[in-house]
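Architecture at a glance
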Amino acid sequence: MPYNIKKGKTMTEEVFWTFPVFVLAILCIVFVFLGRYLKLIGRREQENCTTPTEAEVVGERYSDGAYTPLMRFTDLDGKTVEGTSGVYRSGWKVPHYENGTKLTVKYDPLQPEHFVIPAFDTNVFLLVGDIFTVVGYILMGAMFIVVMVQRGFFG
């Protein structure tokens with residue numbers, strides 16, 4: 001006897017429960033891989049910006065209600081670098097630095113214009129990557145629960 005007839009299920013009932021499993025599997029794969037990719041980008045950014053130096057705040061830049069400090073420092077080759085780390089933050093708890101404030105920056109020795117400000121920047125890629133990965137694993141758990149319920153594991 002075919003599997004569906006033996007368990008007393010019609011083809012429609014089989015398709016009805018397998019569709020959510022298929023959707024959960026696709027979402028799980030997408031979230032986990034996207035989360036891992038974002039974490040890879042975040043780690044690469046941290047690994048490249050390794051050379052610490054003291055920088056001076058020379059202003060602020062604003063974009064869509066958020067701001068970032070404008071920094072100036074001298075790299076190992078003696079070249080003056082002025083720019084922002086590219087991380088903009090908003091909110092009442094965000095620190096605003098006065099012009100002339102000295103902060104430590106970590107820059108990429110091969111590309112000094114790429115730098116991070118440890119006192120200001122939060123690695124968004126690592127945070128969002130963790131969130132996406134956790135959501136992917138939760139979806140995987142939901143998929144297994146749906147399969148176990150359908151197979152009669154819980155009663």
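Everything below is about the structure shown above.
As a starting point, this report considers the structure included with it. (Residues numbered from 1 in each chain as written. Predicted model: local features only at pLDDT ≥ 70, side-chain atom pairs only at ≥ 80, totals over all residues. Heavy atoms only, no water.)

Some points on the environment of Ser-90
Along the polypeptide, Ser-90 turns up in the loop between strand 3 (80-83) and strand 4 (102-107). Ser-90 sits 23 residues away from Tyr-67 along the chain, and the two C-alpha atoms are 6.4 Å apart. Contacts of Ser-90, omitting those with residues within four sequence positions, involve Gly-65 and Ala-66. (Helix = DSSP H or I, 4+ residues; strand = E, 2+ residues; numbered from the N terminus. Contact = heavy atoms within 4.5 Å.)

Looking at the sheet that holds strand 1 (residues 51-63)
On the basis of which strands lie adjacent, the open sheet formed by 5 strands has the order 3-2-1-4-5 and antiparallel pairing. The open sheet has two free edges, formed respectively by strand 3 and strand 5 (115-116), since each of these has just one partner strand. The pairing of strand 1 with strand 2 (residues 66-74) spans 7 bridges and is classified as antiparallel. Note that in strand 2 the partner of Glu-60 across the bridge is Pro-69. (Pairing = 2+ DSSP bridges.)

A look at unusual backbone geometry
The backbone of Asp-64 sits at a positive phi, close to 50°, despite the residue not being glycine. Position of Asp-64 among the secondary structure elements: in the loop between strand 1 and strand 2.

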